[in-house]
Each structure stands twice: as C-alpha cells, then as structure tokens.
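# An overview of the molecular structure
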Amino acid sequence: MPDVKYLLVGSSHAALEALRSIRHFDPDGSMAMVTRDAQLPYSPTILPYVVSGRSKPDAVLLRDQAFFEANACAFVPNATATGLDAKARSVTLANGQSWRYQRLLIATGAAPAIPPVKGIETVRFHVLRSLDDAQGLRSAMGGSRHAVVLGAGLVGLHAAENMAEAGLSVSVVEMQSHVLPGYFDAKASERIEAAFTAHGVKLHLGCKVLAVEARDGGHSCAVHLEDGRVLQADLLLVATGVKPATDWLAGSGVQLDRGVLVDETMRTTVADVWAAGDVAQATDFHTGKPALIGIIPTAVEQGRIAGQGMAGDPYLKAYPGGIPINTYRFFGRVALSIGQAAARDGVEVSENEDDGYRRLVLSDNRLVGYASIDEPFDVGIMGELIRRKVDLSAVKDSFIARPVETGRRLMSEQWR
Amino acid sequence: MGAAFDTIAFKASLCDGCGDCMTTCAEVKQGASRIDIVPGATENAFELAICRQCGDPKCAMVCPSGALAKDGGSGVIGWDSDKCVDCLLCTAGCAFGGIAVDPSVARVAKCDQCGGDPACVKSCPTGALEFRKAGSLYREYGDKEDLFVPGLSGCLGCNSELIMRHAMRKIGRNAVLATPPGCIPGMGSVGYNGKTGTKVPVFHPLLTNTASMLAGIRRYYDKIGRKDIVVMALAGDGGTADCGFHAVSGAAERGEKILYICVDNEGYMNTGMQRSGTTPYGSWTSTTPVGEHMKGKTQDAKNLPMIMAAHKCRYVATASTGYMEDLYDKLDRAIEASFEGFAYLHIYSPCPTGWRIPSNKVIDACRMSVETNFVTLWEYTPATGIRFTRSPDNALPITAYVKMIGKYRHLSQEQLDHIQAKVDEQVALLRIMAAESPPPPPAHRPPAPLSAPAGSDSSQPSLRREISRN
Ligand SMILES: Cc1cc2nc3c(=O)[nH]c(=O)nc-3n(C[C@H](O)[C@H](O)[C@H](O)COP(=O)(O)OP(=O)(O)OC[C@H]3O[C@@H](n4cnc5c(N)ncnc54)[C@H](O)[C@@H]3O)c2cc1C
Ligand code: SF4
C-alpha cells in the first residue's frame, strides 16, 4: 500500500496552494496528489474559454510534470477517491488501490448541483465543471441551434455568451429576478442584462422551470416554464449552482453540513484531516457564520492555511473568513464586485454613474463592499481595506471621489 | 541558496510627483503606465503602486490560465499574453495595485522591469526611483564560499562584519590576510584555541607594522614565483590612520604590492570607543565626552583616502556598503591593482554600538552619509587622477545624516555649521582635484519643494489622475 506523509486529494487551486505552502516549510516530507482528472492540473474557471475555443485544452494546464518532480510530489491522475478510512488513515480509490497518509487534505472541490426538475433524468443535458464537460459542450454547440441555459450565475452566463457568440439562439432561465444574484445590485445587473439582450440572448428572469421533457427521440427537449411558456432546446445546459464533492466521505466520520465542516485553520472534525476550497464549508468574513464561497481566491487562501497546518508551520494564521469576489467579463466589458457589494440595509452607499457604474458600500466609515461596471478598480486593494477594516474617516471624501487612487495610496502607506 | 532579485526601490521623500516615470512607462509600453504615483497624505507626499514582484505571488496563484509565473532568473512575474483569458482574477490577488487593467486594451498590464533596465528609473529626475541590484550581487556571490567562520562575535548589525564577509567572498581563497588589532580580529576572525576564524591564512600583526609585514610576505611570494596571491589587510581606522600610519605610508611610497582595506568606523571601537584620527568633529566618544564643558571631539577628522591619493598609489578608492555595486566594482579594481602596486580601499563603516545607531538603521546611515556628502564616493589612479563615482551635486544638508546618529545628538547649531562647512570644503577640494577627469553620472535634481497640490480637486485632471483611474 503506497504510504505518504502528505496526501492531497484533488488537483486544483486549493490542493496546489496547499502543496506550495507545505513545501515552504517541509521540503522533503513524502507527498502525493491524487485526482480524478486524467490531465495535469487545470482550473474550472478556464472552461468557458475552452468552450469558446480561445484556449486550447492542452494549453490551460497550471503545472507540468517537471513541477511535481521538482517539488517531490507524486502526481497520480485517473484516481477517483471513493472512500476514507480515518482510523486506518487510508483513502480508497475507484481502481481498488488504497493510499495511506499521515496528513490528508480533502480538496475535491464542487460538482454541478442538478435541480430537482421534473423529467431532468429523462433528457440529455450538459454541465460545465471539467475539461471533458467543456469539450463535450463545445462539440455539441457545433450541431445545435437553440440552447437553453438553466441558471444565470457565473457558469450559466459565461456559457450563454459563448453560445450566443457561436451563433446559437440562447435563452437563460433564472429563478431570481436578476443575473449574478448576490454579487451585484439591481442597477449593475441591469447593465449586464442589457448587454446580453443586445447580443440576442433571451433572459427569463424571476422564472421557474416546472419540467423538462424529451422531444425528437431525445435529440432535443422542451423546457416548461412556470408562466406556461415552453422553450425548445437542442442543447440544454444546467448551471444552477454547485455542491461540494463530498460523496466519497460518507461514513468516514468527517462531519459534513453543506460541505466539509472546518475550523478556522481548515481542520475537519477528524484528526489529521484538513479540507480546503469549494469542498469546505468555512466561515463568511462578513457574518462569521459557516458559508460556502466557491471562488478561486478563497480556495487559494484556505489551501495555504491547510498546508501550513499540515506541515506544522508555526506562522499559521487563522482564516479570517471568506469574502465574495467576482471579476467578470461579458462581451469584452468588465464587471467587478467584492464584499457586500449589493447590500442596502444599515450601510452607507455611494453610487456614481459618470463613466461606468460604481457602487461603494461603507459601514461605520469602513469599506464593506464595492462593485463596478465598465470602471475597473484594484480588487485586491479593496479586499485588503475590507479585510483590515481600515478606518476611512480621514480620507472619506477622496475615497468616494477617487477610490482607485486613494486605495493605492492607502496600501502604499501600509506597505512602506 | 535562496533567491534574491533586483528591485525597483522607491524613496518617497525624494518624489515630487512630477509623473515623468509614468509618462515614460506609458511611452515605452505603448499603453497605460505600469507604475502609478498617487497623491499621498499631505500636499507634498506621494505614494506608489507598482508590481513588487512578490516572492509568493498571489496574482499567479489565483490565475486560472497559468499566464502568470515568477521567473527563476530575474524574479520578475511574467505575464503570458497568449495564455491570459482576461478574467482579471489576478487583480483580486494583488494588494498593491501592481497588476491592473490597461483601459486602452482592456487587458491586465504589469511591470516587467523592462528586462533589467527599467525605463521609469532612468527617467526619474530626483532619484526617488532606483533600480537596486543587490539581488544580482547576492546571486553571483551568495553561492561562493564564506571565508569566515559562522558566529563571529560582532555586535548586532555590525557593518564591518558585512564588509569582511563580502570582501573575502569576492577575493577568494588565494589570499593571505592581516587583521591588526581592532574589531575585526576582536570579533574572532583570528580565531580561538589555536584555530583561525578564517579559511585563508590569517595573522594578527601589531597595530604599528601591518603594512610592513605584508610587504615582506609579498616579496617572499614574488621570490618563489607565486604571483597569484592577494596579500592584504583588513584593518581599522586606528591602525591605519594613527599608530600604523608610518608603515602604511612607507609601503605606499615604496609601491609595495598590497591590497590594504581600511574599515573606518571612526574610532577605537573594540577597546571602548575612544577617538581616533578619523573621528569626525563633534562626535561623542569615551575620550571626547559630552558634558558641561566638552561637547565631543574638537578637532576635524583627517581625510585618509585623500592622503593616500597624495601618495600616488596605484589605486585609491572610497566605498560604502550602502552602495554595493560601487563597492564591488572598486574591489575588482583594487585587487587587480594590488598585483602592480599599493592598492588602498577606504570603506566607511557606521558602528551601531559606538555611534548609537539602531542596528536596523546601519545601511540607511551608510546611504544617508553619501547622500549628504559626509562621505564621498570616488577613486584615484595616477593616470586618471581623482574621479567621482557618484556625483556630489544636489546633496542633502548634513543634518539629515547627523540626526540619525546618536553620537551627534548633543550638537549645537554652531557645531552643525562647522561640520557642514568642513564637508563643503572637502567636496570643493575634491572637485578641484577631479576637474580633469570624466564626470560621474549626473546627480538627480532635488525634489521641487512645493509641487502642484495633486491631492486637491484641481479642475484640470493631471496625467497622474488619468492613469491612476485606470
Ligand atoms: C465555468 C466556471 C467558471 C468559474 N469562474 C470563476 C471566476 O470567474 N472566479 C472565481 O473565483 N471562481 C470561478 N469559478 C469557481 C472556481 O473554479 C472554483 O472556486 C475553484 O476551482 C475551486 O478550487 P478547488 O481546488 O476547491 O476545487 P476544484 O477546482 O473544483 O477542483 C477539485 C479537484 O478535485 C478533483 N476531484 C473531485 N472529486 C474527486 C474524487 N472523488 N477523487 C479524486 N479527485 C477528485 C477534481 O478532479 C479536481 O482536480 C468558476 C467555476 C466554473 C466551473
Ligand atoms: S487576467 Fe490573465 S493573468 Fe490575470 S488571472 Fe486572468 S488569465 Fe491570469
């Protein structure tokens, strides 16, 4: 039975950052990264660009084999974890093999959540989470004319844009009344929505799907909406959200809620087992309550903390909580959001529509959220102002008038 | 050996917000400037946003396309425009505004240090931006053998230890070293219990006879045909300027083929901080105390490197650890010259203990001593005469230096005026002597005292404002 000091399950952002932070402190401890993927590491975020053809599937890899050799980490592809025996400290793979570990990282990310829509199991539909999904969607697009996308989150909108640009007629159905709910307020969302409409994408917002039904011998389907309308699709994409990939942990003793429960240093409820990234349910910076914030920046930060804990790095710092971040491009334009950017109650909001659109949200003279359309800002700097709860009283006027310049100034002063 | 890289340093106190760096960058890169100077907290303060080429770049860790990576050779975080999918996640990773959207192309742009010769630095008229190459030096010499034992008992922050280790790394094993009484043997370089503290032959001459003994050693090596050995001293200022001076002067006059490095910490520090011939006017030392009547040293220091130049040595130079590239250049030339004649290198060495400087401010003090002309950097050969290696123009007032140093804390205005006058006089003399030789790279202009109040809401948005707004 292969036996390593550090076993990392998953090969995406969280696991890669954990690898880096372990090696920072422990250059030699034996290590392996096992992953379901057949490929070297890649990011799910790149997939829309594979769908559009902008990125070639073999040019999106985040690391090469030499990297793993240089870091003394065995990279084990085609290795789906199916079980964890925390007492025996071993992980079982689909191929029957088991790996023993001293310290384990669960970084299996998330998988598409399939909504309980009537008939969904009877129709052919696509999801977008893996390279195989992306290549499947890309080739399906070639032979299709009418696409329906369920869900107007990041994944749904990216794919809708891809398909519209490829010449398909596209409809997006979203239960909420605006696209990208949570990240943007109504005014910002409306600008994004207008762009989609201008590019011929039909948005059905505030709309529920009642049922789907196979047509044409399974080659297409009908999507029945709550209001009685029926959309015809020869390509159906389900993008209604994700759920942490925790199936393989059933019965392991690792406590699950919506994701794997972790403490502020990413330890699970089982000794010597850590979790990070989309699979983990850590805390929300704003509320301090457990939350799923499935984005790369949180996956990376959690991965780093988990890696430090696994390696016994004394500089380990507690996770401050996740902050929602969205850097979104649509039809070449820029939409950015960080923190409580759509908040309305109990906060001070400053909106500006001179150039593009920007919305600053302050509370107690501290920045808590920032969103903009067509007016880029330094998301990382604003993130630091939010995380450090920097008191902006002294610079408030210039911050509101010129947030980018003032933010740069404040961070330059901090880091002198 | 860990990595170290060259870096664009920003000295905010010198920046007057002229914006030349941004104009230049925008021109060279044909897009938005990758360096952004923004108004600071007060009217004359400016701050900087630029890629800091982090050691563990968060921009690269959040990039989903693999477009960003730190180059192992230059340390620059490179951006691969083909791989990049313009998702802007990297802008969320950076806490400095170092990678930001270039609105002209709606893609990210970041500093690439222009391949090792940053245009912004060259365009900065005040010297607020500087390309520091200590990283390259470290990479070149960091792997070379350290020729002193670890754990020398120098004081915390000792600049002399830095000089010894750097010099010997550069010179290498083919050397015979004399370390006359002073901090250098005192901290253990001559060794304990019959073992030396160096990996080269080392001996401990008297204060008075260092140069004479080295002369003999060189002559012996010449006689047996060993022409490859550096015969050298690492001596203090006392052993060089005072009690050892006759030997140094004699060896220089005879043209003995020696490399003589004087590590000048302005006094007899290892024996309790007594004054020496190079202790500057006004300094507190244990023999020039500060009390009701005495206010530190009442005589001026002798300028030993100028005296050595007057000997027409094969090579004479001054150096400071605040300017490592310059120091390394001069070491090269001094070593070479020592095979042909007397080579004298005078390295100024602020002493944290004896001068009362916090140990983390020693290098700052080195730099400030040069920026105020308290120390001038020059070299001399008989063929070229004296040549400044750093321009003495536009120097800061000496108060900027003096106030960093505890041994000058008591100085009255009169004493300060005296020191300033003395510094001016020395520089004037050096200028006359250097008049014939090629000029050094021009000095930076001093920052404009009152720049346009960029922090206020002027109706005319400056270039700076345009760019920083993305
Ligand atoms: C289309 C799309 C667009 C996105 N856009 C953005 C964006 O713009 N910004 C942003 O911040 N985030 C975005 N995200 C989310 C982002 O990709 C994720 O937050 C991030 O990838 C999480 O990283 P992770 O390491 O936690 O998990 P994942 O990236 O999900 O990786 C999980 C890894 O575990 C492996 N794995 C899963 N199950 C098993 C198993 N049983 N055994 C072995 N290995 C297993 C997988 O193969 C994979 O290697 C997007 C996601 C998608 C799908
Ligand atoms: S904008 Fe380009 S470089 Fe930046 S994170 Fe996205 S893909 Fe990487």
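The next point concerns the overall build of chain B. Looking only at helices and strands, chain B features 17 helices and 16 strands. A separation threshold of at least 6 residues defines the contact pool for chain B, and within that pool the share at least 24 residues apart is 69%. Looking at chain B as shown, the accessible area adds up to about 19,500 Å², and 55% of this sits on carbon and sulfur atoms.

A word on the pairing of strand β11 (residues 209-215) of chain A. Residue and element names in this part refer to chain A. Bridge analysis of β11 against strand β12 (residues 220-225) gives six bridges, and the strand direction is antiparallel. Its bridge partner lying in β12, A214 is registered against C221. Connecting β11 to the antiparallel partner β12 that follows it, the hairpin turn spans four residues, and D216 within it adopts a positive phi of roughly 60°.

Listed as interface residues are 42 residues of chain B and, on the opposing side, 41 residues of chain A. Contact between chain B and chain A buries roughly 3,600 Å² in total, counting both sides, with carbon and sulfur atoms accounting for 54%. Counting every contact that joins chain B to chain A gives three salt bridges. We note a salt bridge from R20 of chain A to D56 of chain B, for which the minimum N-O separation is 3.6 Å. Applying the counting rule to chain B against chain A returns eleven residue pairs in polar contact (both at pLDDT 80 or more). Broken down by element, the residue count for the side of chain B that touches chain A peaks at four residues, all from strand β3 (residues 46-49) of chain B.

Neighbouring ligand 2 are 13 residues; C63, S65, C84, C87 and C90 of chain B lie closest to it. Counted by class, the shell around ligand 2 contains eleven nonpolar, one polar and one charged residues.

This next bit is on helix α10 (residues 403-414) of chain A. All names here are of chain A. Compared with the 16 Å implied by 1.5 Å per residue over twelve residues, the 16 Å span of α10 between its first and last C-alpha is a close match. Counting buried positions along α10 gives ten out of twelve residues, so the element sits mostly inside the fold. Taken together, the buried positions of α10 are P403, V404, E405, T406, G407, R408, R409, L410, M411 and S412.

Attention now moves to the pattern of salt bridges. According to the stated counting rule, one finds 50 salt bridges over all chains in the structure shown. Across the salt bridge formed by E405 of chain A and R402 of chain A, the nearest N and O atoms sit 2.9 Å from each other. For the pair E405 of chain A and R402 of chain A, a shared accessibility class is recorded, and that class is buried. Residue K122 of chain B pairs with D117 of chain B through a salt bridge whose shortest N-O separation is 2.9 Å.

This paragraph deals with the sheet that holds strand β19 (residues 290-291) of chain A. An order of β16-β18-β19 (chain A) is seen for the three strands of this open sheet, with the pairing classed as mixed. Edge positions in the sheet fall to β16 (260-261) and β19 of chain A, since each of these pairs with one other strand and no more.

Residues and elements named next belong to chain A. Annotation of chain A at the domain level lists domain 1 (3-111 + 244-311), domain 2 (120-238) and domain 3 (332-414). Taking the mean C-alpha position of each, domain 1 and domain 2 sit 30 Å from one another. On the side of domain 2, 13 residues touch domain 1, which itself brings 15 residues to the contact. The junction of domain 1 with domain 2 conceals about 1,300 Å² of combined surface from both sides, 65% of it contributed by carbon and sulfur atoms.

The subject of this paragraph is the sheet that holds strand β13 (residues 230-233) of chain A. Residues and elements named next belong to chain A. The strand order across the open sheet formed by three strands is β11-β12-β13, and the pairing between neighbours is antiparallel. Where the open sheet ends on each side, the last strands, each with one partner, are β11 and β13. Averaged over all pairs of adjacent strands, the angle between their axes in this sheet comes to 20°, without regard to strand direction.

Time to look at the state of the cysteines. All names here are of chain B. On inspection of all chains with the given rule, the structure shows zero disulfides over all chains. With no disulfide partner, C243 has as its closest neighbouring cysteine sulfur the one in C262, 11 Å distant. For C243, a relative accessible area of 27% translates into the label partly exposed.

What follows deals with the domain arrangement of chain B. Interface size is commonly expressed as the accessible area that is lost once the parts come together. All names here are of chain B. One can read the domain layout of chain B as domain 1 (7-136) and domain 2 (147-434). A C-alpha centroid distance of 38 Å is found between domain 1 and domain 2. Taken together, the contact pairs five residues of domain 1 with four residues of domain 2. Buried area between domain 1 and domain 2, summed over both chains or domains, comes out near 390 Å², and the portion from carbon and sulfur atoms is 39%. At the boundary of domain 1 with domain 2, the tally comes to two salt bridges. Put simply, R367 and E130 hold a salt bridge, and the shortest N to O gap is 2.7 Å. Seen at the junction of domain 1 and domain 2, the total is two residue pairs in polar contact (both at pLDDT 80 or more).

So, how was this worked out
- Residues numbered from 1 in each chain as written.
- Chains lettered and ligands numbered in written order.
- Predicted model: local features only at pLDDT ≥ 70, side-chain atom pairs only at ≥ 80, totals over all residues.
- Heavy atoms only, no water.
- Helix = DSSP H or I, 4+ residues; strand = E, 2+ residues; numbered from the N terminus.
- Contact = heavy atoms within 4.5 Å.
- Areas by Shrake-Rupley, 256 points an atom, 1.4 Å probe, with all protein chains shown as cover.
- Pairing = 2+ DSSP bridges.
- Buried area = accessible area lost by both parts, 1.4 Å probe.
- Salt bridge = Lys/Arg side-chain N within 4 Å of Asp/Glu carboxyl O.
- Polar contact = N/O pair within 3.5 Å; in protein donor to acceptor, adjacent residues only side chain to side chain.
- Near = heavy atom within 4 Å.
- Nonpolar A, V, L, I, M, F, W, Y, C, P; charged D, E, K, R; others polar.
- Expected span 1.5 Å × (residues − 1).
- Buried < 20%, exposed > 50% of the residue type's maximum accessible area, 1.4 Å probe, protein only.
- Domains from an automatic or database assignment.
- Axes fitted to C-alpha atoms, helices over the stretch in contact; angles between N-to-C directions.
- Disulfide = S-S within 2.5 Å.

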